[in-house]
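# Observations on the model geometry
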Amino acid sequence: MNLQDYRGVWVFLEQKDSGIAPVSLELLGAGRKLADKRGVPLAGVLIGEGVKHLAQTAIHFGADIVYVYDDPIFRDYRTESFMRAVIEAVQKYKPEIFLYGATSTGKDLASAVATDLATGLTADTTLLDVDAETGLLEASRPAFGGNIMATILCKKDRPQMATVRPKVMKAMPPDYSRTGEIVEERIALREEDIRTKVLKIVRESRAKVRLDDADIIVAGGKGLGSKNGFQLIHQFAEVIGATVGASRDAVEAGWIEHPHQVGQTGVTVTPKIYFAIGISGAIQHLVGMQNSGLIIAINKDPDAPIFQACHYGIVGDAFEVVPILIEEFQRVLDREVQYGGKV
Ligand code: FAD
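Not measured: the values here are computed from a predicted model.

Conventions adopted
Residues numbered from 1 in each chain as written. Predicted model: local features only at pLDDT ≥ 70, side-chain atom pairs only at ≥ 80, totals over all residues. Heavy atoms only, no water. Helix = DSSP H or I, 4+ residues; strand = E, 2+ residues; numbered from the N terminus. Buried < 20%, exposed > 50% of the residue type's maximum accessible area, 1.4 Å probe, protein only. Contact = heavy atoms within 4.5 Å. Pairing = 2+ DSSP bridges. Axes fitted to C-alpha atoms, helices over the stretch in contact; angles between N-to-C directions. Expected span 1.5 Å × (residues − 1). Near = heavy atom within 4 Å. Polar contact = N/O pair within 3.5 Å; in protein donor to acceptor, adjacent residues only side chain to side chain. Areas by Shrake-Rupley, 256 points an atom, 1.4 Å probe, with all protein chains shown as cover. Nonpolar A, V, L, I, M, F, W, Y, C, P; charged D, E, K, R; others polar. Domains from an automatic or database assignment. Arc of directions from axis to C-beta.

### Overview of the overall build of the protein
Within the protein, the secondary structure is distributed over nine helices and 17 strands. For the protein, the spread of C-alpha atoms along the three principal axes comes to 70 × 45 × 40 Å. Burial analysis of the protein (343 residues in total) assigns 47% to the buried set. Counting contacts in the protein only where the partners sit at least 6 residues apart, residues at least 24 apart contribute 63% of the total.

### As for the sheet that holds strand β9 (residues 137-143)
Ordered by their spatial adjacency, three strands build an open sheet running β8-β9-β10, and the pairing between neighbours is antiparallel. The strands lining the two open edges of the sheet, one partner per strand, are β8 (127-130) and β10 (148-152). Averaged over all adjacent pairs, the angle separating strand axes in this sheet is 25 degrees, with direction ignored. Looking at chain direction, β9 and β10 are connected through five bridges and run antiparallel. Paired with alanine 139 across the bridge in β10 is isoleucine 152. Where helix α1 (residues 22-38) meets the sheet, it contacts β8 and β9, and its direction lies at approximately 15 degrees from that of β8.

### A look at helix α3 (residues 79-93)
Here α3 is 15 residues long and its end C-alpha atoms lie 21 Å apart, about the 21 Å a rise of 1.5 Å per residue gives. Within the sequence span of α3, burial applies to Glu80, Ser81, Phe82, Met83, Ala85, Val86, Ile87, Ala89 and Val90. Of the surrounding elements, those touching the buried residues of α3 are β1 (9-13), β4 (42-48), β5 (65-70), β6 (97-101) and α4 (104-117). Within two residues after α3, lysine 94 carries a phi angle of roughly 55 degrees, on the positive side.

### Some remarks on the site of the ligand
Of all residues adjacent to the ligand, which total 25 residues, the nearest are Lys222, Ser247, Thr265, Ser280 and Asn299. With respect to the ligand, the backbone of lysine 222 contributes an N or O atom lying 2.7 Å from an oxygen atom. At 3.0 Å, a backbone N or O of glutamine 264 approaches an oxygen atom of the ligand. Contact with the protein chains hides 76% of the accessible area of the ligand, taken as 980 Å² for the molecule alone. For the shell around the ligand, the secondary structure elements donating two or more residues are α6 (248-252), α7 (283-286) and α9 (318-339). Within the shell around the ligand, the residues separate by chemical class into five nonpolar, 14 polar and six charged.

### Topic: the domain arrangement of the protein
In terms of domain boundaries, the protein breaks down into domain 1 (3-193) and domain 2 (211-339). Averaged C-alpha coordinates put domain 1 and domain 2 at centres separated by 39 Å.

### What about helix α5 (residues 227-240)?
Under the 1.5 Å per step criterion, the end-to-end length of α5 is 21 Å for 14 residues, consistent within 8% with the ideal 20 Å. Buried within α5 we find Gly229, Phe230, Leu232, Ile233, Phe236, Ala237 and Ile240. Buried residues of α5, seen end-on, are gathered within an arc of 125 degrees and therefore sit on one face of the element. The exposed residues of α5 that point more than 90 degrees off its buried face are Asn228 and Glu238. The positive-phi residue at the C-terminal boundary of α5 is glycine 241, with phi of around 70 degrees.

Okay, structure coming up:
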């Protein structure tokens, strides 16, 4: 591979709810800085049905060129169709750097493209820079449970690819006077060539879980034993007005949905009070909640690592301890209502 043939910084423009996803606008901001440092153009790749009009938005937010694949075959995101478009564009125009949002779509697409092109991909990047001379992308991300930052280089292959976490980079303020080039692309792809069919899209109806700005979180883990046992966490949270959190093992057991997961692959939280109930305290869980104001752990194993990370620890069976807490909190809160103030 002749690395000199590759030039330009690209951003995958994810679109949803008839607009460009915020993370893609943030990446245009980050990509602009990289492109300027290298003295190369910044381009966006826009794929979908009826999306052509969004290309102008990308230009307002920093793109010089937007390659548009607008076709009914791209109505719903499917790995096969989108990766075919991206790969064709990469082979035709040869960008040196290609950034994607670390969203479900971005991660899925980037990994499929990287595999097919046999190039490097740094996942979940939080910091980006480029060496102006060599053109090497310096993609940094937390490693070893967040204890160190690793900077990853892709020296021998192109494009150098990275997925970037939402809300980490800053979008530029839109400049409505900016102009750029919009290139409409065509791809010879038939519906029969795609194995995946989207039959129906079912949107999650429940309200968004707001773990990251909750004051009190009651989190449950595998120690609750079953989906039924996990109800104890919901009962306790309801009584004290808390938001429900969970360990990954509780989520993987199917007792609660992923948006409730706290930790490295879940949400990072900093509530005033964090109850960890039946949670062992694995490093991947701790990195997501260790900055909470007050951590109270309930675990029947006195040697559980969570007791090294908490301010107060109760050694006991959750099914004995939590009902007592519920009763006591309920009694105090009832009195508060009765006397119309704090007790
Ligand atoms: P366990 O480790 O099985 O602990 C259950 C605890 O409950 C034990 O300490 C036990 O003593 C106690 N217990 C049992 N019965 C009772 C009872 N009746 N009353 C009271 N206590 C009881 N984990 C996360 O949580 N979040 C993440 O984001 C995350 N990301 C990960 C990313 C990677 C790359 C990897 C490799 C792992 C990740 N994990 C994550 C998983 C993590 O390593 C642990 O496996 C997980 O946190 C354990 O969940 P747990 O504490 O609920 O279960």
